[in-house]
Amino acid sequence: MQLDLFKSDFYPLQSYPVDKKVWMRLYGNIKTSATNGSTGGQTSKILKDAGFTREQVLDIYAKKGHYLDPNLTWLDLRKIFWEVQDGRCYWTGMRMNPDWIFTAKKEPHHNQPSLALSADRKHNGKEKKHGYVFQNIVICCRGINLMRQHTPHDDFPNVLRSLNIPVHERFC
């Protein structure tokens, strides 16, 4: 039997735990992305192995990083997910379980990493308003976020449609 992740009753809202750990994990992921951009931790190791100094690596990260609003909290992320997005992926409308953020085999609720919660910036750019600020953050599936990369906000729904991936009704 195939599960329909787009049905509203797949994960009833009342079945979700309101667990601070989920939102702190997502906030930690945002802090890492704000510091490193999309380069991630593996890039640091690769650059160091290639002979780059720590200062050179930090300089590369500084150029890739994004503004993080110092007033943003894990409570804001929870509010975006539940109150603004109704517990659904911003791009596809698929109902998401916050516990899906735990993807490591050693963690409870081990899950497929592509379905994990991921914070995306609606609009990419180097200005503060394009950084990790409340009005520019959406929560989506990690796999969808990785697929988006640098595709402009207004173009991405068409990319999803061309791949026969359902898009949220806000884009219809």
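Scroll up a little and you will see the structure.
Please read all numbers here as calculations on a predicted model, not as lab measurements.

**Quick notes on the overall build of the chain**
For step 1, the next point in the chain: Scanning the chain from terminus to terminus reveals six helices and two strands.
For step 2, the next point in the chain: Along the chain direction, N to C, the helices and strands of the chain fall in the order α-α-α-α-β-β-α-α.
For step 3, the next point in the chain: Relative to its 172 residues, the chain shows a buried fraction of 42%.
For step 4, the next point in the chain: Look at the contacts in the chain between residues 6 or more apart in sequence, and 65% of them connect residues 24 or more apart.
For step 5, the next point in the chain: Working note: accessible area of the chain is about 10000 Å², and carbon and sulfur atoms make up 53% of it.

**Brief notes about the packing of helix H1 (residues 20–36) against helix H4 (residues 74–84)**
Each pair of packed helices can be described by the angle between their axes along with the distance between the axes.
For step 1, the next point in the chain: Orientation of H1 relative to H4, taken along the N-to-C sense of each, is 105°, at an axis distance of 9 Å. Comparing their axes, H4 and H1 come out roughly perpendicular. On H4, the residues touching Lys 20, Trp 23, Met 24, Leu 26, Tyr 27 and Ile 30 of H1 are Trp 74, Leu 77, Arg 78, Phe 81 and Trp 82.
For step 2, the next point in the chain: Of the residues assigned to the contact of H1 with H4, the class counts are nine nonpolar, no polar and two charged.

**Section: the pattern of salt bridges**
For step 1, the next point in the chain: Evaluation of the coordinates by the stated rule reveals three salt bridges.
For step 2, the next point in the chain: Arg 95 is the salt-bridge partner of Asp 86, the closest N and O atoms lying 3.9 Å from each other.
For step 3, the next point in the chain: For Asp 86, a relative accessible area of 34% puts it in the partly exposed group.
For step 4, the next point in the chain: A relative accessible area of 4% means that Arg 95 is categorised as buried.
For step 5, the next point in the chain: Each of Asp 86, Arg 88 and Arg 95 takes part in one network of salt bridges that share partners.

Basis of the calculations
Residue positions are given per chain, counting from 1 as you read along its sequence in written order. Given that this is a predicted model, residues contribute local features only at a pLDDT of at least 70 and side-chain atom pairs are listed and counted only at 80 or more, while totals for whole chains, interfaces and linings are drawn from all residues. Note: side-chain values were computed over all heavy atoms of the structure, leaving out hydrogens and water. The helix and strand labels rest on DSSP assignments: H or I over at least four residues marks a helix, E over at least two residues marks a strand, and numbering proceeds from the N terminus. Categorising residues by exposure relies on relative accessible area from a 1.4 Å probe, with only protein chains included: less than 20% of the type maximum marks a residue as buried, more than 50% marks it as exposed, and the intermediate range marks it as partly exposed. Contacts were defined at the residue level, with two residues in contact if any of their heavy atoms lie within 4.5 Å. Only the protein chains shown count as covering a residue, and every accessible area follows the Shrake-Rupley method with a 1.4 Å probe. In this analysis, axes come from line fits to C-alpha atoms, helices being fitted only over the stretch in contact, and the angle between any two N-to-C directions falls in the range 0 to 180 degrees. An angle below 35 degrees is read as roughly parallel, one above 145 as roughly antiparallel, one from 65 to 115 as roughly perpendicular, and any other as oblique. The residue classification treats Ala, Val, Leu, Ile, Met, Phe, Trp, Tyr, Cys and Pro as nonpolar and Asp, Glu, Lys and Arg as charged. All others, Gly included, are polar. Take a side-chain nitrogen of Lys or Arg and a carboxyl oxygen of Asp or Glu: if they are within 4 Å of each other, that pair is a salt bridge.

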